[in-house]
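# Notes for the structure review
Listed below, chain by chain, are the residues.
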Amino acid sequence: MTKISGFTYVRNGFKYGYPFIPSILSVLPLVDELIVVVGDSVDETRDAIVALNDDKIKIIDTVWDDDLRESGKIFAQQANLGLAQVTNDWAFHIQVDEVLHEDDHKQILALIAAADKNEKVEGLLFPFLHFWGDFKHIRHTRKTHPFEIRAFKNTGKVRSYKDSQGFRKYTSEESYLNGEPGEKLHVWKTEIPVFHYSYSRNPALMKAKAEYFNRFWHNDEEVKNRTTERPFDFNEVDRLDVFDKPHPKYMKDVIAAQDWEFTYDPSRSNMECKDRIMFQLNKWTGKRLFEFENYKLIKK
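Residues numbered from 1 in each chain as written. Predicted model: local features only at pLDDT ≥ 70, side-chain atom pairs only at ≥ 80, totals over all residues. Heavy atoms only, no water.

### Details of the overall build of the protein chain
Filter applied, for reference: Numbering of helices and strands starts at the N terminus; helices are DSSP runs of H or I of at least 4 residues and strands are runs of E of at least 2. To get the radius of gyration, use the C-alpha atoms; to get the globule rule, take the number of residues to the power 0.38 and multiply by 2.2 Å. Each residue's exposure class comes from its accessible area (1.4 Å probe, protein chains only) as a fraction of the maximum for that residue type: buried when under 20%, exposed when over 50%, partly exposed otherwise. What makes two residues a contact is simply this: any of their non-hydrogen atoms within 4.5 Å. Per-residue and other accessible areas were derived by the Shrake-Rupley procedure at a 1.4 Å probe size, with only the shown protein chains allowed to occlude residues. In this tally, Asp and Glu contribute negative charge and Lys and Arg positive charge; neither His nor the terminal groups of the chain are included. Charge positions are represented by NZ for Lys, CZ for Arg, CG for Asp and CD for Glu.
A tally of regular secondary structure across the protein chain gives 9 helices and 15 strands. Here the C-alpha radius of gyration of the protein chain, 19 Å, is about what a compact globule of 300 residues would show, namely 19 Å. Of all 300 residues assigned to the protein chain, the portion counted as buried reaches 50%. In the protein chain, the share of contacts with a sequence separation of at least 24, taken over all contacts with a separation of at least 6, comes to 77%. Carbon and sulfur atoms make up 51% of the accessible area of the protein chain, which amounts to about 15,700 Å² in all. Charged side chains in the protein chain number 44 positive and 48 negative. The centres of these two groups are separated by 6 Å.

### Brief notes about the packing of aromatic side chains
What counts is decided by this rule: Any pair of Phe, Tyr and Trp rings, taking the six-membered ring for Trp, is counted once the centres come within 6.5 Å. Such a pair is stacked with planes under 30 degrees apart, edge-to-face with planes over 60 apart, and tilted for the rest.
Taken as a whole, this structure holds 20 aromatic pairs when the rule is applied. When the ring of Trp 64 is compared with that of Phe 75, the centres are 5.9 Å apart and the planes differ by 75 degrees; the resulting orientation is edge-to-face. Of this pair, Trp 64 sits in the loop between strand E3 (57–62) and helix H3 (73–83) while Phe 75 sits in helix H3, and the two are 11 residues apart along the sequence. Each member of the pair Trp 64 and Phe 75 is classed as buried.

### Digging into the environment of Ile 108
By the secondary structure assignment, Ile 108 is in helix H4 (residues 105–116). Taking the C-alpha atoms as reference points, Ile 108 and Thr 190, separated by 82 residues in sequence, lie 8.6 Å from one another.

### Some details on the sheet that holds strand E10 (residues 166–169)
Quick note on the threshold: Each pair of strands is called paired provided DSSP finds at least two bridges between the two strands.
Read across the open sheet, the 3 strands follow the order E9-E10-E11; overall the sheet is antiparallel. Because the sheet does not close on itself, it has two edges, and the strands there are strand E9 (158–161) and strand E11 (183–184). Taken together, the 2 bridges between E10 and E11 define a ladder with antiparallel strand orientation. Paired with Arg 168 across the strands is Lys 184, a residue of E11.

### Some remarks on the nonpolar core
Worth spelling out the cut-off: We define the nonpolar core as a collection of buried residues of types Ala, Val, Leu, Ile, Met, Phe, Trp, Tyr and Cys that are connected through side-chain atoms lying within 4.5 Å of one another.
Among the nonpolar cores identified, the biggest contains 57 residues, and Phe 7, Ile 49, Phe 92, Leu 124 and Phe 152 are the most heavily contacted of them. Non-local contacts of Phe 152, meaning those with residues more than four positions away in its chain, are made with Phe 7, Leu 83, Asp 89, Trp 90, Ala 91, Glu 122, Gly 123, Val 158, Phe 167 and Leu 185. Of all hydrophobic cores here, the second largest spans 17 residues; its members include Val 99, Leu 129, Phe 131 and Phe 195.

### Looking at unusual backbone geometry
Although it is not a glycine, Asn 12 adopts a positive phi angle of roughly 55 degrees. Within the secondary structure, Asn 12 is located in the loop between strand E1 (4–10) and helix H1 (20–27). Even without being glycine, Asn 53 reaches a positive phi, approximately 55 degrees. Mapped onto the secondary structure, Asn 53 falls in the loop between helix H2 (45–51) and E3.

### Re the pairing of strand E4 (residues 90–93)
Of the two faces of E4, the one holding Trp 90 and Phe 92 and the one holding Ala 91 and His 93 are both buried throughout. As defined by bridge partners, E1 adjoins E4 across 4 bridges and the pair is classed as parallel. What sits directly across from Phe 7, in E4, is His 93. Sheet topology note: the E4/strand E8 (residues 147–153) ladder contains 3 bridges and is antiparallel. Following the sheet pairing, Ala 91 is matched in E8 by Phe 152.

### A look at the pattern of salt bridges
Here is the rule: Salt bridges are defined as contacts in which a side-chain nitrogen from Lys or Arg sits within 4 Å of a carboxyl oxygen from Asp or Glu.
Here the structure, examined in full by the defined rule, presents 11 salt bridges. Between Asp 238 and Arg 139 there is a salt bridge; the shortest N-O distance is 2.9 Å. Taken together, the positions of Asp 238 in the loop between helix H7 (220–226) and strand E14 (241–242) and Arg 139 in the loop between strand E7 (137–138) and E8 put the pair 99 residues apart, joining distant regions of the chain. Like Arg 139, Asp 238 is buried. Put simply, Glu 211 and Lys 207 hold a salt bridge, and the shortest N to O gap is 2.7 Å. Residue Glu 211 and its partner Lys 207 are located together in helix H6 (residues 203–213), separated by 4 residues, close to a single helical turn.

### Looking at the environment of Ile 60
By the secondary structure assignment, Ile 60 is in strand E3. Assessed through its relative accessible area of 18%, Ile 60 is described here as buried. Along the backbone, Ile 60 and Ile 35 are 25 residues apart, and their C-alpha atoms lie at a distance of 7.1 Å. Setting aside chain neighbours within four positions, we find Ile 60 in contact with Ile 35, Val 36, Val 37, Val 38 and Gln 85.

Have a look at this one:
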């Protein structure tokens, strides 16, 4: 039977409104162990994870290096710290604003079992539902990533690529550290969505989170330039669609605790002309043309 290790990372989950407990709970039924890399937090993030009292969970305590402020490298570092502790045949990565639906667990396990028997398949690609403003709207435009690798064979050669959104394989640890591009993984595309709640939080929390995480992408001057007194405005967006399907059960309490209102105003769309053209082309063809793909698809 194929053994699976999960891995994730979190810091100040409560302070910035991450649904990290629902995220962890949603992946636990899939894995035989879950590596949780917990950064030095000022809230009760670590205590909440310990309180889950699950033998599958292994906590790795870390201190974030605030000097890693280029292109989100700190996030890749934290993901790789967790990946280094993975011991099983497959690794499943989930970020703490991502949640899996309980109805998809059996299918995920079946796909991993099937892929494990195919030497050509190195991982699985998952579509994303990017929630924006609340839990009733999703953003599915060229400004969001449509797919990401979240499960892959644990060969010891795979590392987080850039800011930990995706993964690639490398000939050695030295090649990775030297900044070599690595090789894209050969993957099967699944139809199983990852529920992504990065922009589903109180606007005040959204503003605080955005300004804090800017420091891991930009220097002090740029961070200062991006800081504003204006509240976070969810209507500063290109396009949203209505979502009316069930959310994962793990999100029930989070959704019930929503303490803000969001009314989508499509007339305020900030979608650029070139993106409007590409959006229509995408609708007509069913494909997102000319987009970067950090993977190589294999037909089932």
